[in-house]
Structures are given as structure tokens and as C-alpha cells.
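Summary of structural features
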Amino acid sequence: MQNVLVSGGGIAGTALAHWLARRGFAPTVVELAPGPRSGGQAVDIRGVALDVIARTGLTEQVRAVRTRMRGMSVLGADGTELHRSEETTYSSGRLDNGDVELLRGDLMEILHDHTPAEVEFVHGDSITSLQEDTRGVHVTFAQGQPRTFDLVVGADGLHSRVRRLAFGPEADCLSPLGTHVAIFAADNFLGLEDWQVWQRDGDAGYGIYPVRGNTELRIVFGWGSDTPVERDPEAARKTVAGRMAELPWERTRLLDALHRSTDFYADVMAQVHLDSWSAGRTVLLGDAGYCASPLSGQGTSLALVGAYVLAQELGRARGAGAGHRAAYERYERRMRPFVALNQALATENPGGPAAEESVERAKNAIDLDAA
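For the structure given in this document, a descriptive report is provided here. (Residues numbered from 1 in each chain as written. Predicted model: local features only at pLDDT ≥ 70, side-chain atom pairs only at ≥ 80, totals over all residues. Heavy atoms only, no water.)

1. Some words on the pattern of salt bridges
- Scanning the entire structure with this criterion turns up 24 salt bridges.
- Glutamate 313 is the salt-bridge partner of arginine 330, the closest N and O atoms lying 3.6 Å from each other. Of this pair, arginine 330 sits in helix α10 (residues 324-347) while glutamate 313 sits in helix α9 (residues 299-319), placing them 17 residues apart in sequence. Take arginine 330 and glutamate 313: they sit in the same class, and that class is buried.
- In this structure, lysine 363 and glutamate 360 form a salt bridge, with 2.8 Å as the shortest nitrogen-oxygen distance. Here glutamate 360 and lysine 363 lie together in helix α11 (residues 353-363), a separation of 3 residues that amounts to about one turn. (Salt bridge = Lys/Arg side-chain N within 4 Å of Asp/Glu carboxyl O. Helix = DSSP H or I, 4+ residues; strand = E, 2+ residues; numbered from the N terminus. Buried < 20%, exposed > 50% of the residue type's maximum accessible area, 1.4 Å probe, protein only.)

2. Here we look at unusual backbone geometry
- Even without a glycine there, the phi angle at asparagine 214 is positive, about 65°.
- By the secondary structure assignment, asparagine 214 is in the loop between β16 (204-211) and β17 (216-224).
- Relative accessible area serves as the criterion here: at 22%, asparagine 214 is assigned to the partly exposed category.

3. Quick look at the nonpolar core
- Formed by 75 residues in total, the largest nonpolar core has its most connected members in Val305 and Met335.
- Broken down by element, this core gets its largest block of residues, 11 residues, from α9.
- Not counting residues up to four positions away in its chain, the partners in contact with valine 305 are Val48, Ala49, Val52, Met335, Phe338, Ile366 and Leu368.
- Phe184, Leu217, Ala236 and Leu258 belong to the second-largest nonpolar core, a separate cluster that totals 26 residues. (Core = buried A, V, L, I, M, F, W, Y, C linked by side-chain atoms within 4.5 Å. Contact = heavy atoms within 4.5 Å.)

4. Focus on the packing of aromatic side chains
- Using the criterion set out here, one finds 7 aromatic pairs in the structure.
- Taking 5.4 Å as the distance between ring centres and 70° as the angle between the ring planes, the aromatic pair formed by tyrosine 90 and tryptophan 198 counts as edge-to-face. Taken as a pair, tyrosine 90 in the loop between β6 (88-89) and β7 (93-94) and tryptophan 198 in strand β15 (residues 195-201) lie far apart in primary sequence, 108 residues in all.
- Taking the relative accessible area as the measure of exposure, tyrosine 90 reaches 53% and is therefore exposed.
- An aromatic cluster of three or more residues is present, and its members are Tyr206, Phe221, Trp223 and Trp249. (Phe/Tyr/Trp six-rings, centres within 6.5 Å; stacked < 30°, edge-to-face > 60°.)

5. Re the sheet that holds strand β9 (residues 120-123)
- A sheet is described by the order of its strands in space; here 6 strands give the open sequence β9-β2-β1-β13-β20-β19, paired in mixed fashion. Each edge of the open sheet carries a strand with a single partner, namely β9 and β19 (278-279).
- Helix-sheet contacts for α10 involve β13 (151-154), β19 and β20 (282-284), and the interaxial angle to β20 is about 15°. (Pairing = 2+ DSSP bridges. Axes fitted to C-alpha atoms, helices over the stretch in contact; angles between N-to-C directions.)

6. A word on the pairing of strand β14 (residues 174-187)
- Summarising the sheet, β14 and strand β18 (residues 265-272) pair through 8 bridges and their orientation is antiparallel. Its bridge partner lying in β18, leucine 174 is registered against valine 272.
- Bridge analysis of β14 against β17 gives 9 bridges, and the strand direction is antiparallel. Across the sheet, residue alanine 185 finds its bridge partner in β17, namely arginine 218.

Spelled out as C-alpha cells, the structure:
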């Protein structure tokens, strides 16, 4: 039985561990966080990714916790409503489509709870080195004892440590999009009821929506900048507060919510572009290999589909007596056109009907059963 180390216990890594275990592999997931990650913004499962959820057996659970938005308002700099819609929202598109929007934390809980018991989770640790030879990949950890694995998968996000160790500096593959984002939770001090609010002033603005039965808000603040966000959370919070203070609408209450938040997150909007997603026995999955950025709305779907296809190809290669190289090459060949279309959603950003057509094409642009 091949043992596979998956770095990153997020959506991509947990979904991959599920499918690897079902295909007879022995996956170990190492995650820096002390437990399964909770919190986070609303994410979308679209198109073929919904088929992956169905094959995982989780359609009912996922749909039960979906958001229930009735529409949205678009506000000017002073809070005056400029536009409203009961047909579409910026976060999830048309409200009558078959896609599912839910909180990232809810999806993580569902995936983790339904992962086969034989999957090993190691929380509170991270990889410090990878050394490959003919026997496998020798891995050292910040906390645990060194171990050897047949294969290693980097599913550890935009700033992937596995990618840095196996592929080189982050600057060689990261393409910033000139925009940053901060996300945090707050009590529903705006009294929103299944209704989103979007507000913009110059190159900065908010997307705010209620969750948890309208008891909480998720506040997404975006701003244009070419300066990287500080990796230290408190330094980043100070930077975000400074930009938020420039906007007059609900300034006092929004800044108070920022300072009170316990789940603050901020980062650059960027994409990852690599000539190859594998190096020897190591392969990249999800944002680590081909981040499309939140501007695409497709990060979660790429993670779910990528996990399914990678596990499928590893299982096929083993069944045919082929090695991991054949599986990695097939995974990349199938996923690259799908990734390219979804990354283009963030960079081309067409308006009106063209945007809807691009999303429809991109979210279904892969065959889960391709031979």
C-alpha cells in the first residue's frame, strides 16, 4: 500500500485524502493549524465540482447548509443605494442557478467528518525538508519525527511550503493581481436578513453578507495596492485598518468589528503559474499549484475537482502497473485546460452576458470520466 503525505488540511488536502483512502492508498495529512480549520468566507461549488460532491456522497449535507440570499444592494461611497437585485449577487451569481454557496468552515466540517477513519491527520506540525531517493521522499517536520513517504502532495495554499521546497522561490510563480483582500467575522450590527451589501469608494470597498441564520456577518474588504500584505497578522490588521479608515460609510462600526475579530485574514489576490505541477515524487494540488484567486470564484471547485482527478489517476496508474509519473502527467494534462479557463475568469473579467457565458463554460470544462 502506497503511503502519501498530503501537506495542508484545507479543502483540497482533505478531499484528496478522502479519495486516496477510498482507492486503497494510505494518506497522512499534516496541517499547521491545531485542528480542522473553521471560519472563513462563503465559497462556491459549481458545475462539475458538484458532481464530485455527489460522488463523495455529500450532496444532501452540502445543500442543507447553503446560504439563502434573497439579493443584494450596491451602495455608493456615502451609503446611498445605487442598485439592487433580487436575481443575482456578486458572490454567487444568478440565484436561480444550480450552484451551491456555503461557508468554507461548513464545507470543511462536512469533508472532515466524512473522511475515512484510516486517514491519519497530524495537526500542529509542518514540513521542513524533502529529500528524495529511489526509496521515496524523506520528510522532516518542525515537531514530529522524520518519516519516509512514497509520494508527497503540496495542498498547502497560495504560499505553499512544499512548492517552495520542491520548486523554488515563490516569486518565480506568483502573479499578483494588484488587489488585496481582508476577511473577518462580526455580529450582524447592520441587521441584514439574507441580503448582501456591496460598497465601493475608489479602489477600495466592501462585500458584506449575513450567515448563521442572520446572526453573524462576513465582512470582505478589498483594496488596490502593489505592496505585499504583511505576514504578521497584527501588522496586516493595522494596514487594513488604515485603508478602511479612509472610507466614510459605517467607518466606526466596521473598524470596531475589525479590531474585535478573532478570525482576521488578509492576503494578496494572486495567481500561481508553473510550467509543471510535479517534481519527482512531489505534486501540487489546488491553490499551491494553480491558484486562480478569489476573483475567479472558482478556487473551491478547482480544489475539489483537482483532488478527484489526481486520486483517480494515481489509482489508474497503480492498477495498470504504471508509476506515479504516468499519473502526474495524466492529471496535469486533464486539469490544465480546466485551470486555464477558470484563471481567465479573474484576469479577463468580462461584463454582462459574456461573464455568465464564461463562468458556465469554465465551471464545466472537464470530463471526470475521461479515459
